[in-house]
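# Working through the structure, step by step
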Amino acid sequence: MMTSLGVSGKAYIAMLIVQVIYAGMALLSKASISSGMNPSIFVVYRLAFATLSLAPVAYYFERKNAPQISCTLICKIFFSALIGITICLNMYYYALNHTSATFAAATTNLVPAITFVIALILRMERMYIKKLHGWAKMIGAMVSLSGALVFAFVKGPTFVKEGGKVSSNTNHQFSSNSEFVKGPLLMLCSNTLWSSWGIMQGHSSIRSLDF
């Protein structure tokens, strides 16, 4: 089955698996932060474990094939890590501290739409209005944006379990309006940086093949 899918089919399946992993990561991250973990400390632990896990593997498999790195590429890697890892992840986990894991997983649907808009502005992507795939991209971006806005601005009553009975509590809904605004705003900024990071990664990866 995998051989009949081809390279593009495998890429789509891999992206689907990545999205499932992101959803699980949002749940585990929310549980860690809700238990008292500082978001910035959580980012440090996450990147430290990732480095210790991937560095030996990368060194073993790529030590003979690694291209020579120039100063320009080092600067691109630095700014890519600063925007897409340091700032983006800190914003993401602080936003997660003020929202829910469901909201965080749902608003990641904004990333493809924001990436598409940024790519259009930078003329890295073209909008084919007369083509079917062009309309598919535009409709997909609108659906992603609409779904994220629903999660951001439609807020029902909070359900509280008291004495074995579940009841709605509207007082808590209006007592945390500042938290309600802060979380989506930080998440939107994080998703925008995440989209910019994806574009920077693609450009740096292509450029690195020339060295």
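Since we're looking at a predicted model, the values are computed, not measured. (Residues numbered from 1 in each chain as written. Predicted model: local features only at pLDDT ≥ 70, side-chain atom pairs only at ≥ 80, totals over all residues. Heavy atoms only, no water.)

### Quick notes on the overall build of the protein
Heads up, the condition is: Segments assigned H or I by DSSP are reported as helices when at least four residues long, segments assigned E as strands when at least two residues long, and all are numbered from the N terminus. Each residue's exposure class comes from its accessible area (1.4 Å probe, protein chains only) as a fraction of the maximum for that residue type: buried when under 20%, exposed when over 50%, partly exposed otherwise. Should any heavy atoms of two residues lie within 4.5 Å, those residues are considered in contact. Per-residue accessibility takes into account occlusion by the displayed protein chains alone, with areas from the Shrake-Rupley method and a 1.4 Å probe.
When helices and strands are counted, the protein shows 8 helices and 2 strands. Seen in sequence order, the protein has helices and strands lined up from the N terminus as α-α-α-α-α-α-β-β-α-α. Expressed as a percentage of the 211 residues in the protein, the buried residues total 25%. Contacts in the protein between residues far apart in sequence, at least 24 positions, make up 73% of those at least 6 positions apart. For the protein, the computed accessible surface area is about 14,600 Å², with 70% contributed by carbon and sulfur atoms.

### Things to note about the packing of aromatic side chains
Convention followed: Aromatic pairing here means that ring centres of Phe, Tyr or Trp (its six-membered ring) are within 6.5 Å. Orientation follows from the plane angle: under 30 degrees is stacked, over 60 is edge-to-face, and everything else is tilted.
According to the stated counting rule, one finds 4 aromatic pairs in the structure shown. On the basis of an interplanar angle of 75° and a centroid distance of 5.3 Å, the ring pair of Phe-78 and Phe-79 is categorised as edge-to-face. An aromatic cluster is built from Phe-42, Tyr-92 and Tyr-93, whose rings are joined through pairwise contacts.

### Things to note about the state of the cysteines
Disulfides are covalent bonds that link the sulfur atoms of two cysteine residues. Definition in use: When the sulfur atoms of two cysteines come within 2.5 Å, that pair is taken as a disulfide.
Overall, the coordinates contain 0 disulfides when judged by the stated rule. You can see Cys-71 has no disulfide; the closest cysteine sulfur is in Cys-75, sitting 6.9 Å from it.

### Describing the side chain of Ser-80
Among the structural elements, Ser-80 can be located in helix H3 (residues 71–98). For Ser-80, a relative accessible area of 9% gives the class buried. Residue contacts for Ser-80: discarding those within four places in its chain leaves Ile-85, Trp-197, Met-200 and Gln-201.

### Digging into the layout of surface pockets
Empty space among the atoms becomes apparent when a probe as large as a water molecule is rolled across them. The criterion, for reference: Cavities and pockets are defined on a 1 Å grid built over the protein atoms alone: a cavity is a set of grid points where a 1.4 Å probe fits but cannot escape, while a pocket is an open set with protein on both sides within 12 Å along at least five of seven lines, and lining residues are those with an atom within 4 Å of any such point. Grid points are joined across faces, edges and corners, and a volume is the space filled by probe spheres set on the points. Just so you know the grouping, Ala, Val, Leu, Ile, Met, Phe, Trp, Tyr, Cys and Pro go in nonpolar, Asp, Glu, Lys and Arg go in charged, and all remaining residues, Gly too, go in polar.
A volume near 720 Å³ is recorded for the second largest pocket. What lines the second largest pocket is a set of 25 residues, among which Met-15, Val-111, Pro-112, Ala-113 and Thr-115 lie closest to the centre. Those elements giving two or more residues to the lining of the second largest pocket turn out to be helix H1 (2–34), helix H5 (110–121), helix H6 (132–153) and helix H8 (177–208). For the lining of the second largest pocket, a count of residues per class yields 14 nonpolar, 9 polar and 2 charged.

### A closer look at H3
Quick reminder of the rule: Helix span, expected: 1.5 Å multiplied by one less than the number of residues in the helix. Bend angle per residue: angle between axes fitted to the 7 residues ending at that residue and the 7 residues starting there.
Taking 1.5 Å of rise per residue, the 28 residues of H3 would be expected to cover 40 Å, and the 39 Å separating its terminal C-alpha atoms lies within 8% of that figure. The largest bend in H3 is about 35°, located at Cys-88.

### A few points about the nonpolar core
To keep it simple, the criterion reads: Throughout this description, the term nonpolar core refers to a set of buried Ala, Val, Leu, Ile, Met, Phe, Trp, Tyr and Cys residues connected via side-chain atoms within 4.5 Å.
Listed in full, the 12 residues of the largest apolar core are Ala-26, Ile-33, Phe-42, Val-43, Leu-89, Tyr-92, Tyr-93, Ala-95, Leu-96, Phe-103, Ala-104 and Met-187. Listing elements by their share of this core, those giving two or more residues are H1, helix H2 (39–62), H3 and helix H4 (101–107). With 5 residues, the single largest contributor to this core is H3.

### Describing the packing of H2 against H3
Spelled out, the test is: Comment: axis = line fitted to C-alpha atoms, over the contacting stretch for helices; angle = value between 0 and 180 degrees taken between N-to-C directions. Geometric relationships in this document are graded by angle, where less than 35 degrees denotes roughly parallel, more than 145 denotes roughly antiparallel, 65 to 115 denotes roughly perpendicular, and other angles denote oblique. Left-handed describes a crossing in which the near helix is turned anticlockwise from the far one by less than a right angle; the clockwise case is right-handed.
Running from amino to carboxyl end, H2 crosses H3 at an angle of 130°, the nearest separation of the two axes being 9 Å. Taken together, the axes of H2 and H3 lie oblique to each other. Remark: the crossing between H2 and H3 carries right-handed chirality. Contact residues: Pro-39, Ser-40, Phe-42, Val-43, Arg-46 and Leu-47 in H2; Ile-85, Leu-89, Asn-90, Tyr-93 and Tyr-94 in H3. Among the residues forming the contact of H2 with H3, the class breakdown is 8 nonpolar, 2 polar and 1 charged.

### Focus on the UniProt feature "transmembrane region" (unreviewed entry) in the protein
So the rule is basically this: UniProt positions are given in the numbering used here, feature names are shortened, and annotations may be inferred rather than shown by experiment.
The UniProt record marks residues 12–29, 41–61, 73–95, 101–122 and 134–154 with the feature "transmembrane region" (unreviewed entry), using the residue numbering of this structure. Its end C-alpha atoms 31 Å apart, residues 73–95 is made of 100% helix and 0% strand. Span residues 101–122 is 86% helix and 0% strand, its end C-alpha atoms 32 Å apart.

### Section: the environment of Leu-89
With respect to the helices, strands and loops of the structure, Leu-89 is situated in helix H3. Residue classification places Leu-89 among the buried positions, given a relative accessible area of 9%. In this structure the C-alpha to C-alpha distance between Leu-89 and Leu-193, which are 104 residues apart in sequence, comes to 9.3 Å. The residues touching Leu-89, leaving out its near neighbours within four places in the chain, are Val-43, Arg-46 and Leu-47.

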